[in-house]
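Secondary and tertiary structure notes
What follows is the residue order along each chain.
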Amino acid sequence: MLLYQDTAIFVYGFNHKLGSVQRDLNQLQAEKLLVGTVEALSAVGYRHNFGVGRNESLLSLATGPLSRALQRAREPRALVFQHCYAESAVLDCDVKETDIASRNRYFPAEIMRELQLDHLPYFCSFASGCTGFMSLLGAAGGLLSPSSDERPVICVMADCMPPGDPYDMLQERILVSDQSSAFLVGREQCGYRLLGINYYSTTRTKVALVEIVKRAVQMIQDLAMSLGLDLNRSDVAVHYPNIFPDTWKMVTRYLRIAHVEHVIDGMPGRAHCMATDAVISLTKLHRGQEGRLHVVVNYGIGLHLGVCILKEKAHDGASL
């Protein structure tokens, strides 16, 4: 558990981009991009996903969100990247290449070179799966907490499916999209104030959904208690990833919060966008309502379960 109530850290400047090609479930099946069935994915609530086109790459997908974050940050202190897929963390190289330095085309260095960025420290989180939003907040918070440096940290998430690989997970009945997003973590008082993070990991390959429900409820309640927050006396929005919709309904029900907004955004139209789901819903749900609490839940391969609590800041002329 990481607590930031005595440290002024804010999350803002959200940007994202999805692949340019939208396919429905039947198109995905016809192109052999599913391992599961149309019926199974449709029953969960999926209808479409987005993938990169022939003239797109992970670099081109991520360039837009990162460029806009750079415009907002002006002079960032550092960059922190996160990937779910191994193929996204290190870009393709010539299979005949024997020089290890040439084979390790780390994505952060490649995109920074593309944008002519240099002399900026960068870090990368890989093994956090779809809990990337939490791992980025933790890393950026660690960079900011011990310093009086006012410059923000830019956080970047980027993943696209290797060509020809299916976009779904069979047993979990999850459909994903190719995506990238970027946001800022810094001292500027806008967007959302970061209050705390609660993070759980296990090396098990499978966790029963009933355990996810129990752990998520307990982790949210424990984090709120540690922060001295009474969720029942607050206006609360709980943001969930676009997976396991019935599981998250149970979490919201067992939290027993009087004034709560249950948020699963755009699942039929854009499927699961890894931790970028949180970036998209936080952008949409920001109303400039000072003090409104936002609980974000991430769950991903690893396995990891992460929750954080953010406090909404009122609009003061600065954009989100």
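Summarised in this report is the structure supplied together with it. What you see is a predicted model, and the numbers here were worked out from it, not measured in a lab.

A few words now on the side chain of H286. Position of H286 among the secondary structure elements: in the loop between α11 (276–285) and β16 (293–300). From its side chain, H286 meets the backbone oxygen of G191 in a polar contact 3.0 Å long. In contact with H286, not counting residues within four places along its chain, are G191, Y192, E312, K313, H315 and L320.

Another aspect to go through is the nonpolar core. Counting residues in hydrophobic clusters, the biggest one holds 48 residues, and the most contacted among them are Y46, L175, W248, V251, V297 and Y299. Elements with a contribution of two residues or more to this core: α1 (25–30), α2 (38–44), β11 (174–175), α8 (209–226), β14 (235–239), α9 (245–255), β16 and β17 (304–312). Here the element with the most residues in this core is α8; it accounts for 8 residues. Apart from residues no more than four positions distant in its own chain, V251 is found in contact with V213, A216, V217, I220 and Y240. Core analysis: the second largest hydrophobic core is formed by 27 residues, F133, M134, V185 and A275 among them.

This model, assessed by the stated rule, comprises 14 salt bridges. For the salt bridge of E261 with R287, the shortest nitrogen-to-oxygen distance reads 2.9 Å. Here E261 is found in strand β15 (residues 259–263), whereas its partner R287 is found in the loop between α11 and β16, with 26 residues between them in sequence. Under the relative-accessibility criterion, R287 is labelled partly exposed at 46%. Across the pair E290 and K313 runs a salt bridge, and its minimum N-O distance is 3.6 Å. Placement of E290 in the loop between α11 and β16 and of K313 in the segment after β17 is noted, with a sequence separation of 23 residues between them. When salt bridges that share partners are traced, they join D235, E261, R287 and R292 into one network.

Rules behind the numbers
- Residues numbered from 1 in each chain as written.
- Predicted model: local features only at pLDDT ≥ 70, side-chain atom pairs only at ≥ 80, totals over all residues.
- Heavy atoms only, no water.
- Helix = DSSP H or I, 4+ residues; strand = E, 2+ residues; numbered from the N terminus.
- Polar contact = N/O pair within 3.5 Å; in protein donor to acceptor, adjacent residues only side chain to side chain.
- Contact = heavy atoms within 4.5 Å.
- Core = buried A, V, L, I, M, F, W, Y, C linked by side-chain atoms within 4.5 Å.
- Buried < 20%, exposed > 50% of the residue type's maximum accessible area, 1.4 Å probe, protein only.
- Salt bridge = Lys/Arg side-chain N within 4 Å of Asp/Glu carboxyl O.

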